[in-house]
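# Architecture at a glance
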Amino acid sequence: MIKFFDTHIHLTDFEGISKNALMEKLKRNGVEKCICVSAHRSDWEKVAGLAHDFPFEVIPAFGLHPWYADESNGRWKDELSEYLKEFPESLIGECGFDALKSRDKDLEEEVFKTQLELAFEYNRPLLLHMVKADLFLEHYWGRLPEKSVFHSFSGQDELLKKILKFEHYISVNKCFFKKKNAQSILEKTPLEKLFLETDAPYQSNIEDLGYVLRQVAEIKDEKAEKLGEKIYVNTMRVLIDD
Ligand SMILES: [Zn+2]
């Protein structure tokens, strides 16, 4: 069975399924490891609990999503730092900027900058939610950690050029393959810069990683098993072991 590493899943947001049943479901679908991201500040404690209960399968990511930037009050930065210290393998995210849903750009940018600072301070990869963020990103190229992952990459050529120029990474889910240019984007993306995700329970389902892998395998003209192994090993190397 092909083993998968889902680099973006919201394990805290599944409804009507117990933690154990959810972990069983991951296993049944070949998902050996996953990065459980946070969106709300209130997710941090739940994500920490999952990482504590399932230390092999769940790698935690702590962050504040741009949609919820208004949760950044009081000691939020200290709290976030405490989780990062408690889980040395944890990542930061998801964070970023979403021009389609922006309500208070100054606040959202401040929240993003804080998480960017923490990424350098604690030497952690950043999991980025960037939507229509070209203008926003203009200020940040060359200032992001190399290990910045553009989650749910949606296929803009110019953006990909910048991402690759600065040695960053993209992560794709099932939705990516609806884009007309999915093939050309993946042809231009070195395998070492590509991760697979579901963004479950939102953009796709746990079961969809196989579909994503088969699509990538076809474009890269490789056998799915072999490609799956390469991507898994590379994901571990880049996001976990280094
Ligand atoms: Zn997400």
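See above for the structure.
First, a word on scope: everything that follows refers to the structure included in this document. Since the model is a prediction, treat every value here as computed from it, not as a measurement.

## What about the overall build of the protein chain?
Secondary structure assignment for the protein chain yields 9 helices and 8 strands. Against the 2.2 N^0.38 benchmark of 18 Å for 242 residues, the protein chain shows a C-alpha radius of gyration of 17 Å, consistent with a compact globule.

## So, unusual backbone geometry
With an omega of 10°, the peptide bond between Gly93 and Glu94 qualifies as cis. By the secondary structure assignment, Glu94 is in strand S4 (residues 91–98). Of note, the bond from Ala200 into Pro201 is cis; its omega dihedral lies within 30 degrees of zero at 5°. Relative to the assigned elements, Pro201 resides in the loop between strand S8 (194–196) and helix H8 (209–220). Positioned with a positive phi, Ser152 is a non-glycine residue whose angle comes to about 50°. Topologically, Ser152 is positioned in the loop between strand S6 (148–150) and helix H6 (157–165). Here Ser152 falls in the buried class, since 22 other C-beta atoms lie within 10 Å of it. Unlike most non-glycine residues, Asp221 shows phi in positive territory, near 55°. Looking at the element boundaries, Asp221 is found in the loop between H8 and helix H9 (224–241).

## With respect to the pairing of strand S1 (residues 4–9)
A regular strand places its side chains on the two faces of the sheet in alternate fashion. Most of S1 is tucked away, with 6 of its 6 residues classed as buried. Direction of pairing for S1 relative to strand S2 (residues 31–36): parallel, over a ladder of 4 bridges. What sits directly across from Asp6, in S2, is Cys34. On the question of chirality, the crossover connecting S1 to the parallel S2 by way of helix H1 (residues 19–28) is right-handed.

## Examining the nonpolar core
Counting residues in each nonpolar core, the largest one holds 63 residues, and the members touching the most others are Cys36 and Ile92. For this core, the leading source of residues is helix H2 (residues 43–53), giving 5 residues. For Cys36, the contacting residues outside a window of four places in its chain are Ile9, Leu11, Val47, Leu50, Ala51, Val58, Pro60 and Ala61.

## What to know about the pairing of strand S5 (residues 126–131)
Extensive coverage of S5 is indicated by the burial of 5 of its 6 residues. Handedness of the crossover joining S4 and S5 through helix H4 (residues 105–121): right-handed. Judged from the 3 bridges that link them, S5 and S6 form a sheet pairing that is parallel. Note that in S6 the partner of Leu127 across the bridge is Val149.

## A word on H2
Among all positions in H2, only Asp43, Trp44, Val47, Ala48, Leu50 and Ala51 are buried. Taken end-on, H2 shows its buried residues confined to a sector of 160°, consistent with a single buried face. Projecting away from the buried face of H2 at angles above 90 degrees are the exposed residues His52 and Asp53. Among the structural elements, H1, S2, strand S3 (58–62) and helix H3 (76–86) are those in contact with the buried residues of H2.

## A short note on the environment of Leu116
Note that Leu116 resides in helix H4. Classification of Leu116 by C-beta neighbours within 10 Å gives partly exposed; the count is 19. Remark: the alpha-carbon pair of Leu116 and Tyr140, spanning 24 residues in sequence, is separated by 9.9 Å. In this view, Leu116 contacts Leu126 and Leu144; residues no more than four positions away in its chain are not counted.

## Structural notes on the sheet that holds S2
Taken together, 8 strands build an open sheet; the order of strands is S1-S2-S3-S4-S5-S6-S7-S8 and the sheet is parallel. The sheet is open, and its two borders are formed by S1 and S8, each paired with just one other strand. Within the sheet, the average angular offset between the axes of one strand and its neighbour, ignoring direction, is 30°. Inspection of the sheet shows S4 paired to S5 by 5 bridges, in the parallel sense. Opposite Phe97, over in S5, you have Met130 as the bridge partner. Lying over the sheet, H4 contacts S4 and S5, oriented at roughly 150° with respect to S4.

Conventions we followed
- Residues numbered from 1 in each chain as written.
- Predicted model: local features only at pLDDT ≥ 70, side-chain atom pairs only at ≥ 80, totals over all residues.
- Helix = DSSP H or I, 4+ residues; strand = E, 2+ residues; numbered from the N terminus.
- Rg over C-alpha atoms; globule rule 2.2 N^0.38 Å.
- Buried ≥ 20, exposed ≤ 12 C-beta atoms within 10 Å, placed from the backbone.
- Pairing = 2+ DSSP bridges.
- Right-handed = clockwise from strand over helix to strand, strands pointing away.
- Core = buried A, V, L, I, M, F, W, Y, C linked by C-beta atoms within 7 Å.
- Contact = placed C-beta atoms within 7 Å.
- Arc of directions from axis to C-beta.
- Axes fitted to C-alpha atoms, helices over the stretch in contact; angles between N-to-C directions.

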